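# Fold and geometry: a report
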Amino acid sequence: MKSLGNILKIAREEKEMILRKVSAEVDIDQSLISKFEKDERKPTKEQLIRLADFYNLSATILVLEALLLM
């Protein structure tokens, strides 16, 4: 099973975007997004929803993945 970080990183790479551009689009600090992708930090529910919307992913699935990390 893929981790939340892997899901976010793959989604970003599929959009062929660098962290800086994603950060500007979703208004989340670039270093935080990097930590999310490395599973070093968990995003808040609000951050997950913003990322899901941006990447066209299911917010429900991302929130459930985050809960599994707890």
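For the structure itself, look to the data block above.
Residues numbered from 1 in each chain as written. Predicted model: local features only at pLDDT ≥ 70, side-chain atom pairs only at ≥ 80, totals over all residues. Heavy atoms only, no water.

### Let's talk about helix α3 (residues 30-37)
To be explicit about the condition: Relative accessibility decides the category of a residue: with a 1.4 Å probe and only protein chains considered, values under 20% of the type maximum give buried, values over 50% give exposed, and everything between is partly exposed. Strands are runs of DSSP state E lasting at least two residues, helices are runs of H or I lasting at least four, and both sets are numbered from the N terminus onward. In this description, contact between two residues means that some pair of their heavy atoms is separated by no more than 4.5 Å.
Turning to α3, its buried residues number three or more, namely Leu32, Ile33, Ser34, Phe36 and Glu37. Each element contacted by the buried residues of α3 is listed here: α1 (4-14), α2 (19-26) and α4 (45-55). Positioned one or two residues after α3, Asp39 has a phi angle of 60°, which is positive.

### Notes on a positive patch on the surface
This is how the line gets drawn: Every patch collects residues that have over 30% relative accessible area and no salt bridge, joining them within 9 Å if they carry like charges and within 5 Å if they are nonpolar side chains (Val, Leu, Ile, Met, Phe, Trp, Tyr). The accessible surface values rely on the Shrake-Rupley method and a 1.4 Å probe; as for residues, cover is taken only from the protein chains in view. A pairing counts as a salt bridge when a side-chain nitrogen of Lys or Arg comes within 4 Å of a carboxyl oxygen of Asp or Glu. Under the counting rule used here, the positive set is Lys and Arg, the negative set is Asp and Glu, and His together with the chain ends is not counted. Positions of charges follow a simple convention, taking NZ of Lys, CZ of Arg, CG of Asp or CD of Glu.
There is a patch of like positive charges on the surface, built from Lys9, Lys35, Lys38 and Arg41. Considering the arrangement of structural elements, one finds Arg41 in the loop between α3 and α4.

### Here's the deal with the packing of aromatic side chains
The geometry of an aromatic ring pair is captured by the separation of the ring centres together with the interplanar angle, meaning the angle of the planes. Let me state the cut-off plainly: Stacked, tilted and edge-to-face pairs are distinguished by plane angle, under 30 degrees for stacked and over 60 for edge-to-face with tilted covering the rest, among Phe, Tyr and Trp rings (Trp via its six-membered ring) whose centres lie within 6.5 Å. Two limits define a charge over a ring: the Lys NZ or Arg CZ must be within 6 Å of the ring centre, and within 35 degrees of the ring normal.
Scanning all chains against the criterion turns up one aromatic pair. The ring of Phe54 carries the charged tip of Lys15 above its face, separated from the ring centre by 4.2 Å.

### Examining the environment of Ser58
How we decide: Under the rule applied, a polar contact is a pair of N or O atoms within 3.5 Å (in protein, one hydrogen donor and one hydrogen acceptor; residues adjacent in sequence only if both atoms are side-chain atoms).
Along the chain, Ser58 turns up in the loop between α4 and α5 (59-68). Considering only alpha carbons, one finds Ser58 and Glu37, 21 residues apart in sequence, at a separation of 17 Å. At a separation of 3.2 Å, a polar atom in the side chain of Ser58 contacts the main-chain amide nitrogen of Ile61.

### Side note on the side chain of Arg12
Assignment of secondary structure puts Arg12 in helix α1. Those residues within four positions of Arg12 in sequence are excluded, and the remaining contacts are Met17, Ile18, Leu19, Val22, Glu37 and Tyr55.

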